[in-house]
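# Topology and contacts: notes
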Amino acid sequence: MTIAADQAPSAEAGNAPLLSLRGINKSFGAIEVLRSVDLDIRAGEVTALVGDNGAGKSTLIKGLAGIYPYDSGTYSYEGREVHVHSPKAANALGIEVVYQDLALCDNLDIVHNMFLGREETEHGLLDEVSMERKAGETLAGLSVRTVKSVRQRVASLSGGQRQTVAIARAVLWNSRVVILDEPTAALGVAQTEQVLNLVRRLADRGLAVLLISHNMNDVLQVADSIAVLYLGQMVAQVRGDSVTNSQVVELITAGRSGDLGMVPAGAGARTASTSSDEPGDNS
Amino acid sequence: MTTTAVSETTGAPAPAQIGLVDTLKAYRDKVRGGDIGSLPAILGLVALVLFFSLKRPNNFPTAFNFANLITQGAAVMVLSMGLIFVLLLGEIDLSAGFTAGTSAAVMAKFMANHGWPWPLGMLACIVTGLVIGTTIGTIVTRLGIPSFVVTLAGFLALGGVQLAIVGEGGSIQLPGKAVYNLDNANLPIWLGWVLFLVVAGGFAGLNYYRIIARRRIGLATSSLSVWALKSVTIAVILGLATAFLSKQRSPASVASIKGVPDVVLLLLFLLLSLTFLLVRTPLGRHIYAIGGNAEAARRAGINVPLTKTFCFIMCSTMAGVAGIVYASNANSVSAQTGGGTDLLLAVGAAVIGGCSLFGGRGRILDAVIGGLVVVVISNGMLLLNLKDAYVQIFSGLVLLVAASVDAISRRRAQASGG
C-alpha cells in the first residue's frame, strides 16, 4: 500500500495549509487530552476530523476557537504563528465555529440571530434594513432556498434550516475557516443531504472547512482530507478519496489500519505516532 | 473564487408588497405557531368592557369612569413596564412593589420634613429605585442567587424600610400640588388634541417612512393599503378616546373636569421611549437574546451579567417612577403604598398583556393593555357592588388563564419548530 501519505493532487501541491497545528499538547490536570497533535486545514477543502468519543476532538476545536489555549505546540495561520487566546481573537482571524447545539435564540428571527452580538448600527441604533439585506444576500449566496423569509423566527424552522442559519451566520463575517461540530447529528436523511451540500459549497467558495462528524458516510461523501484522532493522538491525516470506510473505522477504533496510523505497540508507538500528512512525501 | 460571503448581490426582483390578505394570513400563522401576543388580552378587554357596560350602563361607560380607569391604572402600568425588563430575562422582581413604596416614602419624607422642592423629591425617589435595582441586579448576577430569592428578601426588607421611614401606622402627606397633579390633573383640551395629532400622525408618518426606506432598497414591505388601515385604526381609537376625555365629565356641576389626564403624557413617554430602547437599540436586542437563550447570547459575545443588571436597574427605577404615581394618586405615602396586591397586579398585567414568564417574549405595550384589563376588572366589579373578595378571586383566575395561555403557546411554539 502506498496510500499512507496524504497524497495531494498536483493541482493542490502548492496549496499551503491556511491553518496548521504542530505538536499540540493539552492536559487537564493529570489527564493528557492531546498529545503532539498535528493538523492541516486548507482553503477550498473540507477537512474532516473524526475520532471516537473522548479522542480529544472537542478539546482540539475549542483550542482552535480560542476558548482555551493549548499547553504547547504551534498554531499557525497563513504560515505565521499566532496566539489565539479568546473567541474574539479567533473571529478576528476569520475563524468561526458552529457548535453542535447551534446557539441560536428561538425567540429571535433569522436576521437577529445572524447578527447577534455583532449588530450593525447607525447612530447607535440597529440598522435593520442593512442587516436584513446582508442576511438575505448571504443565504442566497449559499444557494439556500429552503427559508421562506429572513424575518421568520428561528423557533419555526426545521432542524436543517436551523443548521443552515447557524452556518450562514458563520460565513457572514467574511470568515475563512469554518469549524462545524456534528452538523448533521440530529437531522433526517433529506436534511442531512441539504446540509452536506451546503458544507461542500462552502469549500467550493474557497473557505477552509473543518467538519467534525461521527457519520462515516457523511465524511467520505464530502471530505477532501480526513484527520483521525485516537486517544489524543493524530494517527493519520489522509486524502478522503484514498481510503475506504472500513479503513477509517479501523483508524478510529484501533488507531491503525494496515500501514496507516500508529506503528504497532512495542515498536515505540509513542514517538512514532506520526501523522503522515505532508503532501507529496510519498509517491 | 472569493471568500467573501456577500460577494454576489442577488439582484432581488421587485420588492414584495405584502397586501391585506397576506398580512392577515401571516398573523394567523403566527397565532397558530404559538405567538399570540396581546390578542387574548385585547379580546378579553373588549368582552369585559361590553359586559360591564351592559350591567352598569349609567356608571361604567362614562367619561368620568373612563378617566378614572386611566388614573387608577397608571401606577400599575408603570410598575408593570419596569417588570417587563426582568420578565424578558425570565427573571422576576418580587420587591418592585415595596421599591415603589420605599422610593415614594423617601420622596415624601424629604418634601414634607425637609422642605425639598418637588423636582428634587422626585429625583430622590427615582434615585432610590436606581440604587435598589443596582443592588438587586449585582447580587443576582455576581453571586448567582436566583432572582426569586434575592427579591423576596428585598420584599421583606424594603417593606420594613418603608415602615421605618413612614412610621408605624402613619402616613406622610405630600406638600404642594405638583406631585398630586401628576395623577389627578388634566391637560387643557387643546393640548390633548395636539397630543393626539402628534401620536397618531407620528405613528402613520414613521411607518410610511419605514416602508419607503425598505422599498427603496428592495426589501419586502407591507402594502400601502395595510399601512393606511393600521394608521386609520390607531387614529380612530386615539381620536375617540381624546374626544371622550375632552367632554365635561364632572359628576357634580360645581367643578369642571375635562381633558386628557396629565398622567397619559407620562404613560405615553414611557411607552414610546422604553419600546424604542427594546426594539431599536443593540442593548434591547441583547435583552431579548438573553431571555431566549442566555448561553447563545454569551457565546455571541454579549456581556450577559451587565445586561441583566441593567434590566434589574430599569425595573427598580421604573418602580421608583410608579412610586411617584402611587403617591400622587393618594396624595400621601403610607406603609401600604406599593404593598398588598400592587406588585402582583403589575406582574399579572404584564402576563395578561402577553409578556411571557419564560423570558424572551414581551413588549412594553403589554403592560398598558394588561394594566387596562386588571383595572377594568377591579373597577367594574366594584361598580357591580361585588365584595373585594370576589374581585381578588376573579383577578386571580384571569391571571391563571393568562399564564396558561403563555405556557400553552410556548409549547406550541416549540412543537411547531423542527
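Everything numeric in this text was worked out from a predicted model, so none of it was measured.

Further remarks concern the overall build of chain A. The number of helices and strands found in chain A is nine helices and 14 strands. With 283 residues in all, chain A has 52% of them scored as buried. Within chain A, contacts between residues separated by at least 24 positions form 68% of all contacts whose residues are at least 6 apart in sequence.

Scanning chain B from terminus to terminus reveals 16 helices and four strands. At 23 Å, chain B has a C-alpha radius of gyration in line with the 22 Å of a compact globule built from 418 residues. The burial tally for chain B puts 43% of its 418 residues in the buried class. Residue pairs at least 24 apart in sequence account for 78% of intrachain contacts in chain B once pairs closer than 6 positions are excluded.

Moving on, we come to the environment of B:Thr221. With respect to the helices, strands and loops of the structure, B:Thr221 is situated in strand β3 (residues 221-222). Distance in space between the C-alpha atoms of B:Thr221 and B:Pro61 is 39 Å, their sequence separation being 160 residues.

This part takes up the confidence of the model for chain B. Within chain B, residue pLDDT values average 89, and 94% of them lie at 70 or more. Predicted confidence for residues 1-13 of chain B stays below pLDDT 50, and this span has 25 contacts to residues more than four positions away or in other chains.

Only a minority of non-glycine residues have a phi that is not negative, and only a minority of peptide bonds are not trans. All names here are of chain A. Phi angles above zero are rare outside glycine, and glutamate 78 is one such case at about 55 degrees. Along the chain, glutamate 78 falls in the loop between β4 (72-77) and β5 (80-81). A count of 14 C-beta atoms within 10 Å places glutamate 78 in the partly exposed class. Located in the positive-phi region is histidine 123, a residue other than glycine, with phi close to 55 degrees. One can find histidine 123 in the loop between β7 (121-122) and β8 (125-126).

Residues and elements named next belong to chain A. With respect to topology, six strands assemble into an open sheet ordered β6-β9-β10-β3-β11-β12, the strand pairing being mixed. A strand with exactly one partner marks an edge of an open sheet, and here the two such strands are β6 (95-98) and β12 (233-239). Direction aside, the axes of adjacent strands within the sheet are offset by 20 degrees on average. Judged from the four bridges that link them, strand β3 (residues 46-51) and strand β10 (residues 208-212) form a sheet pairing that is parallel.

Our focus in this paragraph is helix α5 (residues 159-171) of chain A. All names here are of chain A. Here α5 spans 19 Å end to end across 13 residues, near enough to the 18 Å set by a 1.5 Å rise per residue. Most of α5 is tucked away: 12 of the 13 residues are buried. Among all positions in α5, only Gly160, Gln161, Arg162, Gln163, Thr164, Val165, Ala166, Ile167, Ala168, Arg169, Ala170 and Val171 are buried. Elements in contact with the buried residues of α5: β6, α3 (110-114), α4 (128-141), β9 (177-181) and α6 (189-204).

With that settled, consider the pairing of β12(A). All names here are of chain A. Within β12, seven of the seven residues are buried, which leaves the element mostly enclosed by the surrounding structure. Of the pairings in the sheet, the one linking strand β11 (residues 225-230) to β12 comprises six bridges and is antiparallel in character. The residue bridging alanine 227 from the neighbouring strand is glutamine 237, located in β12.

Residues and elements named next belong to chain A. A sheet is described by the order of its strands in space; here four strands give the open sequence β2-β1-β4-β5, paired in antiparallel fashion. Strand pairing shows two members of the sheet lacking a second neighbour, β2 (31-41) and β5, which therefore form its edges. Here β4 pairs with β5 via two bridges, running antiparallel. Counterpart to serine 76 in the pairing with β5 is glutamate 81. Relative to the sheet, helix α1 (residues 57-64) contacts β1 (19-28) and β2, its axis offset from that of β2 by approximately 60 degrees.

All names here are of chain B. By the secondary structure assignment, alanine 112 is in helix α4 (residues 96-113). Assessed through the 17 C-beta atoms surrounding it within 10 Å, alanine 112 is described here as partly exposed. Excluding residues that lie within four positions of it along the chain, alanine 112 makes contacts with Ile172, Gln173, Leu174 and Pro175.

Turning our eyes to something else, we now look at helix α2 (residues 39-55) of chain B. Residue and element names in this part refer to chain B. Helix length check: α2, at 17 residues, gives a terminal C-alpha distance of 24 Å against a target of 24 Å (1.5 Å per residue), a fit within 8%. For α2, the full list of buried residues reads Ala41, Gly44 and Phe52. For α2, the buried positions fall inside an angular range of 65 degrees around the axis, keeping them on one side. Residues of α2 that are exposed and point more than 90 degrees away from the buried face comprise Leu43, Val46, Ala47, Leu50 and Leu54. Residues of α2 that are buried in the fold lie against α14 (342-353) and α15 (364-383).

What follows covers the nonpolar core. Judged by nonpolar contacts, the single largest core of 181 residues is most densely connected at A:Val209, A:Leu211, A:Val228, B:Val78 and B:Leu79. With sequence-adjacent residues up to four places away left out, B:Leu79 is seen in contact with B:Ala96, B:Ala100, B:Met318, B:Ala319, B:Ala322, B:Asp342 and B:Ala346.

Our next topic: the packing of helix α3 (residues 63-88) of chain B against helix α13 (residues 304-330) of chain B. Residue and element names in this part refer to chain B. One way to put it is that α3 packs onto α13 with a least axis distance of 8 Å and a crossing angle of 175 degrees. In terms of their interaxial angle, α3 and α13 are classed as roughly antiparallel. Contacts between α3 and α13 involve Thr71, Ala74, Ala75, Val78, Leu79, Met81, Gly82, Leu83, Phe85, Val86 and Leu88 from the former and Cys311, Phe312, Met314, Cys315, Thr317, Met318, Ala319, Val321, Ala322, Val325, Tyr326 and Asn329 from the latter. Considering only residue class, the contact of α3 with α13 consists of 19 nonpolar, four polar and no charged.

So, on to the pairing of β3(A). Residues and elements named next belong to chain A. The element β3 is largely enclosed, with a buried count of six among its six residues. Across the two faces of β3 the burial is the same, with Val46, Ala48 and Val50 and Thr47, Leu49 and Gly51 all buried. Relative to β11, β3 is paired through five bridges, and the arrangement is parallel. From the neighbouring strand, glycine 51 faces β11, where its bridge partner is leucine 229.

How each quantity is defined
- Residues numbered from 1 in each chain as written.
- Chains lettered and ligands numbered in written order.
- Predicted model: local features only at pLDDT ≥ 70, side-chain atom pairs only at ≥ 80, totals over all residues.
- Helix = DSSP H or I, 4+ residues; strand = E, 2+ residues; numbered from the N terminus.
- Buried ≥ 20, exposed ≤ 12 C-beta atoms within 10 Å, placed from the backbone.
- Contact = placed C-beta atoms within 7 Å.
- Rg over C-alpha atoms; globule rule 2.2 N^0.38 Å.
- pLDDT = per-residue confidence, 0-100.
- Pairing = 2+ DSSP bridges.
- Axes fitted to C-alpha atoms, helices over the stretch in contact; angles between N-to-C directions.
- Expected span 1.5 Å × (residues − 1).
- Arc of directions from axis to C-beta.
- Core = buried A, V, L, I, M, F, W, Y, C linked by C-beta atoms within 7 Å.
- Parallel < 35°, antiparallel > 145°, perpendicular 65-115°, else oblique.
- Nonpolar A, V, L, I, M, F, W, Y, C, P; charged D, E, K, R; others polar.

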